[in-house]
Amino acid sequence: MRNAILLLILLSTSTMASQTLTIVADEWYPMNGVPGNSKPGYMIELAKAIFSRHNITVEYSLLPWKRAVKQTRSGAYNCVVGAYKSDAPDFIFPDQHWGIDTPMFFVKKSDNWLYSGELSSLKKRKIGIITGYNYTDDFDNYIKNKDTTHIQFSHGTTALETNIKKLTKGRIDTLIESTYVLDAKLKKMGIADTIKKAGSITQPLEMYIACTPALPSSKAFINIINKEMTNMKNSGELKEILSRYKISPWNI
């Protein structure tokens, strides 16, 4: 009997040790960056730190955002990172968000345009956005229901860089992006002094890791996140990871 119990324990341990959680998203640094990089993004570091405590390996790869959400929804992958609840309301979210994001309009430094808060004021702007992103309900409905020939969509894992190049070359005159993400990308491209903020499209939004509704394992993964995020804050590990990306800790 003892041998049988020991065998069951060994099999259980082996299963846990070999368990893998897959994460996909488009590149959205500093939240998530290039897989395998020494700084793959703070959300990737958080995920790896959380699940390593439970002998779960995190595998992270890049996909265009629309495809990442679609394939995760189907159960091909476990989770996405950098998600607003509006991106995938049917997904399973943890209790605590993983940061606050402020999507804003950006223009060339020489452009004096400033968003008034009225969607009608966008009609005269050539706006670059990314396929599959959710911005605000009002703006998303505006795209669907109005003549949007003045709006250009970019897609793929380098969509943001495409929009920045369009802006600098005059093919668009406005783009929408997370302040964190655009600041990091402009700095990396060496053109941080050529583009400026031109008003917020919405109030700050909470960002999350979000897991597929198609797999029963998602609830267990989210329960682990709920437990370990509080532990990481109390131990100082959350602050340490965020400091590598110059992100201030948030309240949990």
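Colleague: Looking at this structure, I do not really get the overall build of the chain. What am I missing?
Modeller: When helices and strands are tallied, the chain shows eight helices and eleven strands. If one aligns the C-alpha atoms of the chain with their principal axes, the spans along those axes are about 80 × 35 × 30 Å. Taken over 252 residues, the chain has a buried fraction of 47%. For the chain, long-range pairs separated by at least 24 residues make up 73% of all intrachain contacts whose partners lie at least 6 apart in sequence. For the chain, the accessible area works out to roughly 12700 Å², and carbon and sulfur atoms hold 52% of it. In the chain, which carries 32 positive and 23 negative side-chain charges, the distance between the mean positions of the two groups comes to 4 Å.

Colleague: Teacher, can you tell me more about the nonpolar core here?
Modeller: Judged by nonpolar contacts, the single largest core of 76 residues is most densely connected at Ile-23, Tyr-42, Phe-51, Trp-98 and Phe-139. In this view, Phe-139 contacts Leu-119, Leu-122, Ile-129, Ile-151, Ile-176 and Ile-201; residues no more than four positions away in its chain are not counted.

Colleague: When you look at the sheet that holds strand 5 (residues 103–108) in this model, what are you seeing that I'm missing?
Modeller: Strands sit in the order 7-6-8-5-9 across an open sheet of five strands; the sheet is mixed. Looking at strand neighbours, the two that pair on one side only are strand 7 (151–154) and strand 9 (195–200), the edges of this open sheet. Here the average twist between neighbouring strands, direction ignored, is 35°. The pairing of strand 5 with strand 8 (residues 174–178) spans four bridges and is classified as antiparallel. Within strand 8, the residue paired with Pro-103 across the bridge is Ser-178. Across the sheet, helix 4 (residues 137–145) is in contact with strand 6 (127–130), strand 7 and strand 8; its angle to strand 7 comes to roughly 105°. Across the face of the sheet, helix 6 (residues 179–189) comes into contact with strand 5, strand 8 and strand 9 while running at roughly 110° to strand 8.

Colleague: Where do I start with helix 5 (residues 159–169) in this structure?
Modeller: Ala-159, Leu-160, Asn-163, Ile-164, Lys-166 and Leu-167 are the residues of helix 5 that are buried. Burial along helix 5 is one-sided: seen end-on, the buried residues are contained in an arc of 160°. Contacts made by the buried residues of helix 5 are with strand 5, strand 6, strand 7, strand 8, helix 6 and strand 9. With its phi angle positive at about 85°, Gly-170 sits one or two positions after the end of helix 5.

Colleague: Please explain the packing of helix 2 (residues 42–52) against helix 7 (residues 217–235) as it appears in this structure.
Modeller: The angle between the axes and the distance between the axes are what describe a pair of packed helices. Relative to each other, helix 2 and helix 7 sit at 100°, their axes nearing to 9 Å. Comparing their axes, helix 7 and helix 2 come out roughly perpendicular. Between helix 2, through Leu-46, Ala-49, Ile-50 and Phe-51, and helix 7, the contact on the second element is made entirely by Phe-221, Ile-224, Ile-225, Glu-228, Met-229 and Met-232. Here the contact of helix 2 with helix 7 is composed, by residue class, of nine nonpolar, no polar and one charged.

Parameters at a glance
Residues numbered from 1 in each chain as written. Predicted model: local features only at pLDDT ≥ 70, side-chain atom pairs only at ≥ 80, totals over all residues. Heavy atoms only, no water. Helix = DSSP H or I, 4+ residues; strand = E, 2+ residues; numbered from the N terminus. Buried < 20%, exposed > 50% of the residue type's maximum accessible area, 1.4 Å probe, protein only. Contact = heavy atoms within 4.5 Å. Areas by Shrake-Rupley, 256 points an atom, 1.4 Å probe, with all protein chains shown as cover. Lys, Arg positive; Asp, Glu negative; His and termini not counted. Charge placed at Lys NZ, Arg CZ, Asp CG, Glu CD. Core = buried A, V, L, I, M, F, W, Y, C linked by side-chain atoms within 4.5 Å. Pairing = 2+ DSSP bridges. Axes fitted to C-alpha atoms, helices over the stretch in contact; angles between N-to-C directions. Arc of directions from axis to C-beta. Parallel < 35°, antiparallel > 145°, perpendicular 65-115°, else oblique. Nonpolar A, V, L, I, M, F, W, Y, C, P; charged D, E, K, R; others polar.

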